[in-house]
Structure formats: C-alpha cells, structure tokens
Amino acid sequence: MLDYERTRQTLTVRLSEDLDHSAASRIRPELDALLKDPSIRRLVLDLKQLRFMDSSGIGLIIGRYKLLERRGGSVAVINADARVDRIFEMSGLYQIVDRMA
C-alpha cells in the first residue's frame, strides 16, 4: 500500500526502502489507479526513505511522467539522497522530472 496524500491537483507519494523490479510491479497498479483521476496534474515523489533504485524504478517514473505529460501535468522529486540523485543525473531523469528543494 502506497503512502500518499493529495492536495488539490497534486499527489505526493512517499516511496520507501527499495524501488526495484519487485517493488515497481507492486506499486505500479496502485499508483496508476490513483492517477486515473484526471484532476491530478502533478505527481511529487518523496524519496526521503528510498534506499535503492534500479532501472525498474526509472521505468516506473518515466511511465508516470508520460501519463501526466499527456494531460499537461508534471512529475517532481523531493528528498533524494546523494545516491538516488546521482541515478537521476546519470539516467537523464532530471531532464523530464523537476528536482524540488
């Protein structure tokens, strides 16, 4: 079960532990169900508790970006530690995902 909160048009999702193939497979259906609401225009991923992310996590984020971009929305991340921040830099995710302070 995802830990999330909604404020107006923004859905903030707190990810924890690992975002690998297994976790992405569990998270994707629930996150997509939340994002079916067309009034959600911004997805904020809070990565404060995230310990590890692999290419499955990158794919999960890109997929949600594409979904929101089609409706004029956006994706942002907050609280990325140095390891996860480096993954975002190296993968080019920061070209499509906003980095929030």
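Residues numbered from 1 in each chain as written. Predicted model: local features only at pLDDT ≥ 70, side-chain atom pairs only at ≥ 80, totals over all residues. Heavy atoms only, no water.

Engineer: Explain the overall build of the protein chain here, please?
Structural biologist: From N to C terminus, the protein chain includes three helices and five strands. Along the protein chain, from the amino end to the carboxyl end, the secondary structure elements read β-β-α-β-α-β-α-β. The C-alpha atoms of the protein chain give a radius of gyration of 12 Å, which matches the 13 Å a tight globule of 101 residues would have. Along the three orthogonal principal directions, the C-alpha set of the protein chain runs to about 35 × 25 × 20 Å. The 101 residues of the protein chain split such that 40% are buried. Total accessible area computed for the protein chain in this model is approximately 5,900 Å², and 49% of it derives from carbon and sulfur atoms. Of the side chains in the protein chain, 17 bear a positive and 15 a negative charge, and the two mean positions are spaced by 4 Å. (Helix = DSSP H or I, 4+ residues; strand = E, 2+ residues; numbered from the N terminus. Rg over C-alpha atoms; globule rule 2.2 N^0.38 Å. Buried < 20%, exposed > 50% of the residue type's maximum accessible area, 1.4 Å probe, protein only. Areas by Shrake-Rupley, 256 points an atom, 1.4 Å probe, with all protein chains shown as cover. Lys, Arg positive; Asp, Glu negative; His and termini not counted. Charge placed at Lys NZ, Arg CZ, Asp CG, Glu CD.)

Engineer: Where do I start with the pattern of salt bridges in this structure?
Structural biologist: Pairing between side chains of opposite charge can happen when their charged atoms approach one another. Applying the stated criterion to the full structure yields nine salt bridges. Of the charged contacts, one joins Arg 6 and Asp 37 as a salt bridge, the two residues approaching to 2.6 Å between their closest N and O atoms. Taken together, the residues Arg 6 in strand 1 (residues 3–7) and Asp 37 in the loop between helix 1 (21–35) and strand 3 (42–53) connect sequence positions 31 residues apart. Of the residues examined, Asp 37 reaches a relative accessible area of 27% and is grouped as partly exposed. When the shortest N-O distance is used, the salt bridge between Glu 89 and Arg 99 registers 2.5 Å. A residue pair is termed long-range when its members are at least 10 positions apart, and Glu 89 in helix 3 (residues 82–91) and Arg 99 in strand 5 (residues 98–99) qualify at ten residues. (Salt bridge = Lys/Arg side-chain N within 4 Å of Asp/Glu carboxyl O.)

Remember that the coordinates give geometry; whether it matters functionally is a separate question.
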